[in-house]
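Descriptive analysis of the structure
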Amino acid sequence: MQKLPVGRIIRLAYAFTFGQIGTIIGLVWIPAVITAVMSFFAQGGVFTAILAGGQTGVAANGGPQVAFYLLSQLVSMLLFAVMAVAVAKQVFGMREGSPLVHFALGGQELRVFGGIAGLIVLTVMLLMAALAITGSVETVLERLIAPVAAALATGALIIAGFLAVLYFAIRLSFFFIPAAVIEGEFGISKSWQLSKGHFWQILVIGIAVLLPLLFTISVIETLIMGKPYLDLTAKMTNDLANVAKYQPDLMRIQQARLPFTVGLHLIITPIVVGLLVSPAAFAYRALTGKPQALPDA
């Protein structure tokens, strides 16, 4: 079985993302700005509705705000597909036209959008199945063995279920964008085929590429939220029986910092898309040679 050149793919992903950052910005800025604007108004509306309900002592009529938030998430998925296809084509050397202004919505983008929706549905179904199996087994164990042993066994089963869902999710998702772009397929089934025997290599690639990014984003968001937010979070952690009383103040801080957090996500979108899409595209090239083999190390 052909092995993935893990180190080489990681190097290529970083080199592509930061070496062609100007091109990536040009390819994604239009859908990224639309996503940021929607996110700002959608999240702000939900915060306002929840806080208004808390202040009056009555549940807020937040139906329109929640509906707009859900719609914004759906549109954001479609816009991510637009960005992902453009960046994948750049990796494959297939893109034409100016990189300064780009927005395309065709069959490839719709296939990627459908793949994202399908992956979400499949993951939710797998999680529900794992929870149902765990609940049934827990009931049986409580009847057969001591409570402490039953709790330990249930905990181990929950961990096993989570790892199983992670395994399926990684294998189904990793190659689906390149497959949708190159082969004109829905992508998920092709990803499952291509990832056979490569799970641990894919996991290492994902950790090496995404973990530093996620850590950096978390640190910056923590700095944006500031010390009051951290203090409230610490108090809530030490007072789990009264979590609800801390939520309004936490939400007010989140609402006040919303322009900065949304701005942060807008700024880092080119890097996020580059590091999400390019490793799979380079790995796809390594395994299939389509549309061309990997460049020499």
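Everything in this summary refers to the structure shown in the same document. (Residues numbered from 1 in each chain as written. Predicted model: local features only at pLDDT ≥ 70, side-chain atom pairs only at ≥ 80, totals over all residues. Heavy atoms only, no water.)

In this section: the overall build of the chain. Check the secondary structure of the chain and you find ten helices and zero strands. Starting at the N terminus and ending at the C terminus, the chain contains elements arranged as α-α-α-α-α-α-α-α-α-α. In the chain, buried positions account for 39% of the 297 residues. Restricting to contacts in the chain with at least 6 residues of sequence separation, those with at least 24 account for 79%. Carbon and sulfur atoms make up 71% of the accessible area of the chain, which totals about 15800 Å². (Helix = DSSP H or I, 4+ residues; strand = E, 2+ residues; numbered from the N terminus. Buried < 20%, exposed > 50% of the residue type's maximum accessible area, 1.4 Å probe, protein only. Contact = heavy atoms within 4.5 Å. Areas by Shrake-Rupley, 256 points an atom, 1.4 Å probe, with all protein chains shown as cover.)

Further remarks concern the packing of aromatic side chains. Describing an aromatic ring pair means giving the distance of the ring centres and the angle of the ring planes. Scanning all chains against the criterion turns up ten aromatic pairs. Pairing Tyr 167 with Phe 199 gives two aromatic rings, centres 4.9 Å apart and planes at 50 degrees, and the pair type is tilted. Separated by 32 residues along the polypeptide, Tyr 167 in helix α5 (residues 147-173) and Phe 199 in helix α8 (residues 199-237) bring together distant segments of the chain. On the basis of relative accessibility, which here comes to 11%, the residue Phe 199 falls in the buried class. Of the aromatic side chains, those joined through ring pairs into one cluster are Tyr 167, Phe 168, Trp 192, Phe 199 and Trp 200. Above the plane of the ring of Trp 192 lies Arg 171, whose end atom (NZ or CZ) is 3.7 Å from the centre. (Phe/Tyr/Trp six-rings, centres within 6.5 Å; stacked < 30°, edge-to-face > 60°. Lys NZ or Arg CZ within 6 Å of the ring centre and 35° of its normal.)

Attention now goes to a nonpolar patch on the surface. A contiguous nonpolar patch, built from Ile 25, Trp 29, Val 33, Val 37, Phe 40, Phe 41, Phe 68, Leu 71, Leu 74, Leu 100, Val 101 and Leu 266 and spanning about 1100 Å² of accessible area, is present on the exposed surface. Looking at the nonpolar patch, the elements that each hand over two or more residues are α2 (21-56) and α3 (63-92). Top element by residues in the nonpolar patch is α2. It accounts for six residues. With respect to the element layout, Ile 25 can be found in helix α2. (Patch = residues over 30% accessible without salt bridge, like charges linked within 9 Å, V, L, I, M, F, W, Y side chains within 5 Å. Salt bridge = Lys/Arg side-chain N within 4 Å of Asp/Glu carboxyl O.)

Here we come to the pattern of salt bridges. According to the stated counting rule, one finds three salt bridges in the structure shown. Put simply, Glu 183 and Lys 190 hold a salt bridge, and the shortest N to O gap is 3.7 Å. Looking at Lys 190, the relative accessible area reads 18%, which means it is buried. Between Asp 231 and Lys 227 there is a salt bridge, with the nearest N and O atoms lying 2.9 Å from each other. On the criterion of helical spacing, the pair formed by Asp 231 and Lys 227 is a turn pair, its members being four residues apart in helix α8. A residue is classified by how much of its surface remains accessible, and Asp 231, at 34% relative accessible area, is partly exposed.

With that settled, consider helix α9 (residues 247-256). Inspection of α9 places Leu 250, Met 251 and Ile 253 among the buried residues, and these make up the whole buried set. Relative to the axis of α9, the buried residues are bounded by an arc of 160 degrees and lie together on one face. (Arc of directions from axis to C-beta.)

Here we come to helix α10 (residues 258-288). Taking 1.5 Å of rise per residue, 31 residues should cover 45 Å, and α10 covers 43 Å from first to last C-alpha, within 8% of that figure. The principal kink in α10, of about 50 degrees, is found at Ile 268, preceding the proline Pro 270 by one to four residues. A positive backbone phi angle near 75 degrees is found at Gly 289, which sits one or two residues after α10. (Expected span 1.5 Å × (residues − 1). Bend = angle between axes of the 7 residues up to and from the residue.)

This brings us to the nonpolar core. Among the nonpolar cores identified, the biggest contains 54 residues, and Leu 4, Val 112, Phe 175 and Ile 177 are the most heavily contacted of them. Among the elements that line this core, the one with the most residues is α10, at twelve residues. Apart from residues no more than four positions distant in its own chain, Leu 4 is found in contact with Ile 9, His 198, Gln 201, Ile 202, Ile 205, Ala 283, Ala 286 and Leu 287. Tyr 229, Leu 232, Leu 250 and Ile 253 belong to the second-largest nonpolar core, a separate cluster that totals seven residues. (Core = buried A, V, L, I, M, F, W, Y, C linked by side-chain atoms within 4.5 Å.)

Close contact between α3 and helix α6 (residues 176-183) brings their axes to 10 Å; oriented N to C, the two are set at 70 degrees. As the angle between them shows, α3 and α6 are arranged roughly perpendicular. Here Phe 80, Ala 84, Val 85, Ala 88, Lys 89 and Phe 92 of α3 come into contact with α6, specifically with Ile 177, Pro 178, Val 181 and Ile 182. By residue class, the composition of the contact of α3 with α6 is nine nonpolar, no polar and one charged. (Axes fitted to C-alpha atoms, helices over the stretch in contact; angles between N-to-C directions. Parallel < 35°, antiparallel > 145°, perpendicular 65-115°, else oblique. Nonpolar A, V, L, I, M, F, W, Y, C, P; charged D, E, K, R; others polar.)

Attention now moves to the side chain of Lys 190. With respect to the helices, strands and loops of the structure, Lys 190 is situated in helix α7 (residues 188-194). Ignoring any residue separated from it by four or fewer positions in sequence, one finds Lys 190 in contact with Ala 179, Glu 183 and Glu 185.

The values are spatial; any link to function lies outside them.
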